[in-house]
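# Secondary and tertiary structure notes
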Amino acid sequence: EKNSTGGQNGSKKHAMFCVLAEFDLLEGSVVRYQHPKRMPPSFASDSFLAEAMLPEGSHSRLRDKTVFMLPQHQHSTDGNDFKQKGDSIADKADTKDEQVRGGTASVSSSSSERTPPFLHCISCLLAKKDDKVKRGSVTKAVAVCSPHTFIHALEPVINLALEELLQQSSPEMDRDIIKELYERINAMVIPSRYTGLSGVQKALIRASRLRPAHMRPMPDLKLQIRWRSEDVVTTVPPVVGEDEIGKARLLVLLQRFDKDFMTIFNAMLLERRVLFIGH
């Protein structure tokens, strides 16, 4: 069984950016550090990242997470637009040897695979009580932006990094932790157990996962990330569709709102804000 490793070893990266943000009493939500470099403003501004990672009211919570996406067409990590139409950040990575497809957990030897139009980002937030600060607590958030859609699998290791970030207050140590997180995620190995699957086979695997009562689901892929002296093990489905971001499922939304789902869908097409309230 072949394996695919991260960008550190010559194939596509699992993490394109790692971002550290925190809530400041005077400035509000601010981005403190980005690795490997700062995103160009034309790609994502600091204010957008800070708001996405620490939305209004999040500083009052002890732990939370948000998911957001960044369009990656026609932008590069150095701020220059790509010359070829359809190129993306992930396409700028080395495409030699084996390639990890952004929309699936399988490996393709072809460098012509279509890259998904978005980077998928998961941000985890953690607050710690501290009597030395005016607000009585310190709130920080770490986001990882990846070409993969199974970003929920990165949540455990992000939380471990967050706990270390809240145990000290040195900017130098903050940068070291974010850099280490970036490198550890990109050193992650994704087993290529289900390579060469046809479109029909992938559809059957997804259907078996969504309807386990009628089909025999295939086992999930185990991912292992080394953090300090601990192996963080998590799982992802063998086939992940481009419309499946993290653990979110449109099917659940459709089942909950039934006919009203089209009203919500049309509002999103018109770029209207949709507010969901739970009781």
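Procedures and definitions
- Residues numbered from 1 in each chain as written.
- Predicted model: local features only at pLDDT ≥ 70, side-chain atom pairs only at ≥ 80, totals over all residues.
- Heavy atoms only, no water.
- Disulfide = S-S within 2.5 Å.
- Helix = DSSP H or I, 4+ residues; strand = E, 2+ residues; numbered from the N terminus.
- Buried < 20%, exposed > 50% of the residue type's maximum accessible area, 1.4 Å probe, protein only.
- Arc of directions from axis to C-beta.
- Contact = heavy atoms within 4.5 Å.
- Patch = residues over 30% accessible without salt bridge, like charges linked within 9 Å, V, L, I, M, F, W, Y side chains within 5 Å.
- Areas by Shrake-Rupley, 256 points an atom, 1.4 Å probe, with all protein chains shown as cover.
- Salt bridge = Lys/Arg side-chain N within 4 Å of Asp/Glu carboxyl O.
- pLDDT = per-residue confidence, 0-100.
- Core = buried A, V, L, I, M, F, W, Y, C linked by side-chain atoms within 4.5 Å.
- Pairing = 2+ DSSP bridges.

In this section: the state of the cysteines. Following the criterion strictly, the structure yields one disulfide and no others. For Cys121, the disulfide goes to Cys145, at an S-S distance of 2.5 Å. The disulfide joining Cys121 to Cys145 has a torsion of about 110 degrees about its S-S bond and is therefore right-handed. Of this pair, Cys121 sits in strand β7 (residues 118-129) while Cys145 sits in strand β8 (residues 137-146), and the two are 24 residues apart along the sequence. Free cysteine Cys18: the closest other cysteine sulfur is in Cys145, separated by 8.2 Å. By relative accessible area, Cys18 is classed as buried at 0%.

A word on helix α1 (residues 46-53). The set of residues buried in α1 consists of Leu49, Ala50, Ala52 and Met53. Seen from one end, α1 has its buried residues packed into an arc of 165 degrees, which puts them on one side. Turned more than 90 degrees away from the buried face of α1, the exposed residues are Ser47 and Glu51. In this structure, the buried side of α1 is in contact with β2 (17-24), β3 (28-35), β4 (63-71), β7 and β8.

Glancing now at a nonpolar patch on the surface. Nonpolar side chains collect at one region of the surface, where Val200, Leu204 and Met215 lie side by side and expose about 280 Å² of accessible area between them. Mapped onto the elements, Leu204 comes out in helix α5 (residues 199-210).

Once that is clear, we can look at the confidence of the model for the protein. Per-chain confidence: the protein averages 76 in pLDDT, with 73% of residues scoring 70 or above. For the stretch residues 1-10, pLDDT sits under 50, and the model shows 37 contacts to residues farther than four places along the chain or on other chains. Predicted confidence is poor over residues 74-112, with pLDDT under 50, and the contacts of this stretch with residues over four places away or in other chains come to 102 contacts.

Okay, the nonpolar core next. Counting 33 residues, the largest nonpolar core has Val142, Val144, Ile158 and Leu181 as the members making the most contacts within it. Breaking this core down by element, the ones donating at least two residues are β2, β7, β8, α3 (155-165), α4 (171-186), β10 (221-227) and β11 (230-236). When near neighbours in sequence (up to four residues on either side) are disregarded, Val144 contacts Ala15, Phe17, Cys18, His120, Cys121, Ile122, Leu154, Ile158, Leu181 and Ile185. Among the nonpolar cores identified, the runner-up in size contains 21 residues, and Met16, Ala44, Leu70 and Cys121 belong to it.

What follows covers the pairing of β11. Summarising the sheet, β10 and β11 pair through seven bridges and their orientation is antiparallel. Across the sheet, the residue bridging to Leu223 is Thr234, located in β11. What sits between the antiparallel neighbours β10 and β11 is a turn of two residues, in which Arg228 has the positive phi angle 55 degrees.

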